[in-house]
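Here is what each chain is made of, one letter per residue.
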Amino acid sequence: MNIGKLYAAGLTTAGVAARLYLSVDTVKSHTATARQLTAARSTTALVQDLYLRGELSRGTARAMTAGVSPRQRAVLGFAAFGDPQAAIGKAIGVSVEVVKADVRALKSAFGAKTTPHLVARAWDEGFLC
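What counts, and where the lines are drawn
- Residues numbered from 1 in each chain as written.
- Predicted model: local features only at pLDDT ≥ 70, side-chain atom pairs only at ≥ 80, totals over all residues.
- Heavy atoms only, no water.
- Helix = DSSP H or I, 4+ residues; strand = E, 2+ residues; numbered from the N terminus.
- Buried < 20%, exposed > 50% of the residue type's maximum accessible area, 1.4 Å probe, protein only.
- Contact = heavy atoms within 4.5 Å.
- Core = buried A, V, L, I, M, F, W, Y, C linked by side-chain atoms within 4.5 Å.

Turning our attention to the overall build of the protein. A tally of helices and strands in the protein yields eight helices and zero strands. Listing each helix as α and each strand as β along the protein from the N terminus yields α-α-α-α-α-α-α-α. With respect to the principal axes defined by its C-alpha atoms, the protein has extents near 40 × 30 × 25 Å. A total of 129 residues make up the protein; the buried ones form 42% of that total. At a minimum sequence separation of 6, the contacts of the protein that also span at least 24 residues come to 58%.

Attention now goes to the nonpolar core. If you look at the biggest cluster of nonpolar residues, it comprises 30 residues, and the most contacted ones within it are Val16, Val47, Leu76, Leu106, Phe110 and Leu128. Counting only elements with at least two residues in this core, the list comes to helix H1 (3-8), helix H2 (13-20), helix H4 (43-52), helix H5 (70-80), helix H7 (96-110) and helix H8 (115-124). The greatest single-element share of this core, amounting to five residues, is contributed by H8.

Structural data, given as structure tokens:
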């Protein structure tokens, strides 16, 4: 199974390693190679890239928009492309602590375990396209 799909499903690197019966270091190596091939800045950006390339298919949107502010939408958009939280804060004019709080709130709203999982869930909900 594609490592990116497992990250999109909410698994951590350790979880991916356990699922594939590989060492964590092997998964990190494969992830780094995949990131290099796609020029993704992070594992989250790798998941975003897989959606953009059509290698991960979008689920059926449930139009879950309640409770997501315009600022949180902006944070999600920047995060999907692998921007660091400090850079996101600078771009939208808020502190890194506010960005971290928004990411936590977004994970909660989307039922996501990790940031790559958040991107996958946002694709499923039609927030990213």
